[in-house]
Amino acid sequence: TRQDFTLNRLDYETNFRQRKLQFFVAHMYSPLRVRGLLPDQEGTDSPATLWHERGFRASANSVLGRAVYFPSSKLIVSVYGGRNFTNFTNSYGLQKGPSIIYLTSNVGQPGVPRSMQASAGEFTPDNFQTKYDAYVRENLNADASYFANFRGFHYLKFGYQVARVANNVFANTWPDGRFLVAWNRRWPGVTKPGFLAGGYGFYIEDQFETSGKVKSASHALYFQDDWQVRKNLVLNLGVRTENEYVPSYRAGDSAKPVISFGFADKIAPRLGFAYDPSGVGKEKVSGSYSVVYDLLKYNLPRGSLGGDKWVRCYYALDDPDVFKLAGSRRTPFECLNFRVPSNDSIDPALKPMQQRMLTLGYERSFGRNLVVSVYGVNKYLVTAVEDIGRLVVRNGVLEEDYCIGNPGWGCSIDPSRYPSGYPSPITPKAKRNYQAIEIKVEKKSATHLLSASYTLSRLCGNYSGLASSDERGRINPNTNRDFDNPVTTRDKDARLVDGCLATDSPHVFKVFGYK
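The structure presented is a predicted model; accordingly, all values stated were derived computationally and were not measured. Residues take numbers from 1 onward in each chain, read along the sequence in its written order. It should be noted that, the model being predicted, local features are given only for residues of pLDDT at least 70 and side-chain atom pairs only at 80 or more, the latter also being counted only at that level, while totals for whole chains, interfaces and linings use all residues. As a convention, hydrogens and water are excluded, and side-chain values are obtained from all of the structure's heavy atoms.

Only DSSP runs of H or I with at least four residues qualify as helices, and only runs of E with at least two residues qualify as strands; both kinds are numbered from the N terminus onward. Counting secondary structure elements, the protein chain contains one helix and 30 strands. The atom set for the radius of gyration is the C-alpha atoms, and the globule formula is 2.2 Å times the number of residues raised to the power 0.38. Its C-alpha radius of gyration of 30 Å places the protein chain more than 25% over the 24 Å reference for a compact globule of 515 residues. Along the first, second and third principal axes, the C-alpha set of the protein chain runs to 100 × 60 × 45 Å. Type-normalised accessible area, obtained with a 1.4 Å probe on protein chains alone, sets the label of each residue: buried when under 20%, exposed when over 50%, and partly exposed for intermediate values. The 515 residues of the protein chain split such that 38% are buried. Surface accessibility in these figures is a Shrake-Rupley result with a 1.4 Å probe; residues are shielded only by whichever protein chains are displayed. Split by element, the accessible area of the protein chain, about 28600 Å² in all, is 56% carbon and sulfur. Across the protein chain, the centroid of the 65 positively charged side chains sits 7 Å from that of the 49 negatively charged ones. By the counting rule applied here, Lys and Arg register as positive and Asp and Glu as negative, while His and the ends of each chain are not counted. In this description, the location of a charge corresponds to atom NZ of lysine, CZ of arginine, CG of aspartate or CD of glutamate.

Below you can see the structure in the form of structure tokens.
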């Protein structure tokens, strides 16, 4: 294992038009290279795998900078941004050529050369790999802060942000082909009548990959005001809005935003206050209310909008030399698509993922060094964005079919999508509620600190969030399995599943200190 790390930074300060100008620029380089892996503990890996040669490389390269200008004693203007590049490949130690699996044994089969005979299993080493998975993330922020005195003291801030993401990927695949050979067998047609059988059986070309080249951008505007109304009262008022679009990985669609939200769809206000009832700095009552919107992660278009591809084509096997399969150009008997993109199944009334939070607290100091505080928090999910599934039969095959929507809304409760007999609601709303009360005692001085706290909380609902604790921490944001079928949201008595989540921690004690 080799981890490189370099950090270079340049800071500079000068005057521009008799006013201070500060800026810095930094570069960080931190690739990780691993050579030598261990087989799975189940012992099912091929003994021919060169584990000492196996490995991966994760490239990482970042540039960032910031400039701050002080045009006057009341105005500060800043511009900052950066670019981050990452790439991942794990092709070290893997053999080139097609990956071939025997679904059945051909030992002793007439006409098959001895060099091609083997029992069922991997005939050639498995070279499943990621050739490249490169991300480029760029962001630019510009804001202006102004100090004003109008019916109190104001600290005003206006800002603009733009974030761009690009992904170029060819991953989770066998780059030289994957073939499943069924010796001396025939295939019953799914989309065609009859059976497929060659002189030696049939084979399947397994076209499995994550691929595409896409990019997108989001823009945001925000305003906030820290307003000191009186000596003992401060209000924090703000609003943020942004737009975003999600690209498609499907060939020919990469320039089209298949999911988009405008500025009017994501208006997020924030209200807060801090009040000192005593007026002498001994007490503080504070509270806040905020609305937060999330950006959709690229896992959604990669998994559901054309990035993940899986097609199996079936051919007659008429030549026992399986190494010729990769170069053959024959017309398949039939092809089955097991990963149909959901580009045409996006709820037209789709809403962005939204969460709301309310906090309230009280703090009091006793003497010079002791502070006791009590805070309450209530966070609740309003809408989630997920792939919402149903089971359908196409060409005699049972398949999963998905729409992209908000659980409990739109397509997820459309009775025309589901067979009759489902209880109402067909799909419940995503629920994730967190309530907590924290009691904290802190004693500090110039030489020591002692802090102790107790938190009583509940985290309940039917949706664990972007990382699914119900699936052992599976990280597939916006495409988890929570709503992939209506039956997964109910128990054996058809009652909606709702309760405390796996990450619920009702009692937390913390003690911290130093001297």
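Okay, unusual backbone geometry next. One non-glycine residue, Gln18, adopts positive backbone phi at about 70°. Residue position: Gln18 is located in the loop between β2 (6-16) and β3 (19-29). For Gln18, a relative accessible area of 74% translates into the label exposed. Unlike most non-glycine residues, Asn478 shows phi in positive territory, near 75°. Take Asn478: it is sitting in the loop between β28 (474-475) and β29 (499-500). For Asn478, a relative accessible area of 0% translates into the label buried.

This part is about the packing of aromatic side chains. Within 6.5 Å between ring centres, the rings of Phe, Tyr and Trp (the latter by its six-membered ring) count as paired, and their orientation is classed by plane angle as stacked under 30 degrees, edge-to-face over 60, tilted in between. Evaluation of the coordinates by the stated rule reveals 24 aromatic pairs. Grouped by ring-pair contacts, the aromatic residues Phe128, Trp174, Phe208, Trp310 and Phe338 constitute a single cluster. Two limits define a charge over a ring: the Lys NZ or Arg CZ must be within 6 Å of the ring centre, and within 35 degrees of the ring normal. Note that Arg66 overlies the ring of Tyr80, its terminal NZ or CZ placed 4.7 Å from the centroid. Above the ring of Phe195, the side-chain terminus of Arg186 is found at 3.9 Å from the ring centroid.

Structurally, Ser304 can be placed in helix α1 (residues 299-304). Ignoring anything within four residues of it in the chain, the contact list for Ser304 reads Pro341, Ser342, Asn343, Asp387, Ile404 and Thr479. When checking whether two residues touch, look at their non-hydrogen atoms; a contact exists if any pair is within 4.5 Å.

Two cysteine sulfur atoms make up a disulfide if the distance between them is within 2.5 Å. On inspection of all chains with the given rule, the structure shows two disulfides. A sulfur-sulfur distance of 2.1 Å marks the disulfide that ties Cys313 to Cys335. Taking the sign of the S-S torsion, 110° for the link of Cys313 and Cys335, the bridge is right-handed. Placement of Cys313 in strand β19 (residues 308-317) and of Cys335 in strand β20 (residues 334-337) is noted, with a sequence separation of 22 residues between them.

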